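Read off the chains here:
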Amino acid sequence: MRKPIGSERSLEQGPERGITGEPGSPRDQAASQRPPTEGEKDSTPLSTVVRVRSLLPSLPPAERRVAQRVIDDPEGVANSTITELAQTCGTSETTVIRFCRAIGFHGYPELRLTLATEAGRAQSAAGGRIIGSDISPDDSLEQIVEKVTFADARAVEETASQLDIKMLEQVVDAVVAADRVDVYGVGASAFVAADFQQKLHRIGRICSAWSDAHIMLTSAAVLGGTSVAIGISHTGATVETIDAMAVARSRGATTVAITNFPKSPIAEVADLILTTAARETTFRSGATASRLAQLTVVDCVFVGVAQRTYGPTRKALEATFEAVRGRTVRPDRRRR
């Protein structure tokens, strides 16, 4: 029987930093990312920009130019007429309207009003200041710290605000029922895959993380109908990860994608999709913000799995804590 949510607190206070470990229909998901209702807007600042950013690669070129303008300067778009926006983007008013409808708005006036409201709320939350994540050559080190930490915090907040809870529950169900979990990731995503593997392994789940293209493929080839394959890719376009997921799916495994773009190529080989909401910048491709967003999703899956298996998880955490407890330097051996 599943423990109540409140029981999670006792898990978090468990041995060695607790359960979170060391300091570390799916195709319709994009369509469901509609504009928030009045009641939802307060908890999802700049959710329109997040939604537009996630759908950017899937838009036609002309609409993509409009989308990029919304991402780069939402306040400026809110203050522009449809004619001005169309001219700035080198496109037509009809294209702007098509773009509005593609992201879930009835028309341009509704988009302008929503952007103005969200930009005002974001500026208020930042104490009247507008903080971007792009670093300019003239920024001081203090400004760099402010922009980096702001972008990282927003990545976590926005990822949490748009995470599909029903989809998350299906992923948790699949992992709990799996006889084996394989996690695939290349580059920066490989670190997140390794973190997830370590967390699941510590509570007794059979899990492997792979980043080598050949090993990913051979591992996927021996999965079965009771296995789960998880592919982590910020862009959703990493060939090695997509290929491994395709092989895993062909073998009957349940495939899960963790990506920033729900309509990216990895979605075509995923049964379940969990999205992040992080923005990469010129200086920070594969940035910390992207990894933090992925780690947020991974932690949500992990804690969900741990809660479903509360008793065995507690025993595993205690056993692994005892196994490594003697590997720390005792106070009497520290230098003075």
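Above this text sits the structure in question.
Keep in mind the model is a prediction, meaning the values are calculated, not measured.

## Quick word on the packing of helix α11 (residues 188–202) against helix α14 (residues 288–308)
Working step 1: Close contact between α11 and α14 brings their axes to 10 Å; oriented N to C, the two are set at 20°. Here α11 is positioned roughly parallel relative to α14, judged by the angle of their axes. Where α11 crosses over α14, the handedness of that crossing is right-handed. Facing α11, whose interface residues are A188, S189, F191, V192, D195, F196, K199 and L200, α14 presents R291, Q294, L295, V298, D299, V301, F302 and V305.
Working step 2: In terms of residue class, the contact of α11 with α14 is made up of 10 nonpolar, 2 polar and 4 charged.

## Thoughts on the pairing of strand β1 (residues 180–185)
Working step 1: The element β1 is extensively covered by neighbouring structure, given that 5 of its 6 residues are classed as buried.
Working step 2: Of the strand pairs in this sheet, β1 and strand β3 (residues 227–232) are connected by 6 bridges, and their pairing is parallel. Looking at the pairing, D182 lines up with A229 of β3.
Working step 3: Bridge count between β1 and strand β2 (residues 207–210): 4 bridges; the pairing is parallel. The residue of β2 that forms the bridge with V183 is A209.
Working step 4: Once you follow β1 into α11 and on to β2, the crossover reads as right-handed.

## Digging into the environment of R65
Working step 1: Position of R65 relative to the elements: it lies in helix α4 (residues 61–72).
Working step 2: Distance from R65 to A86, taken between C-alpha atoms, is 9.5 Å for residues 21 residues apart in sequence.
Working step 3: Other than its neighbours up to four places away in sequence, R65 contacts C89, G90 and T91.

Reading guide: rules and limits
Residues numbered from 1 in each chain as written. Predicted model: local features only at pLDDT ≥ 70, side-chain atom pairs only at ≥ 80, totals over all residues. Heavy atoms only, no water. Axes fitted to C-alpha atoms, helices over the stretch in contact; angles between N-to-C directions. Helix = DSSP H or I, 4+ residues; strand = E, 2+ residues; numbered from the N terminus. Parallel < 35°, antiparallel > 145°, perpendicular 65-115°, else oblique. Left-handed = near helix turned anticlockwise from the far one by under 90°. Contact = heavy atoms within 4.5 Å. Nonpolar A, V, L, I, M, F, W, Y, C, P; charged D, E, K, R; others polar. Buried < 20%, exposed > 50% of the residue type's maximum accessible area, 1.4 Å probe, protein only. Pairing = 2+ DSSP bridges. Right-handed = clockwise from strand over helix to strand, strands pointing away.

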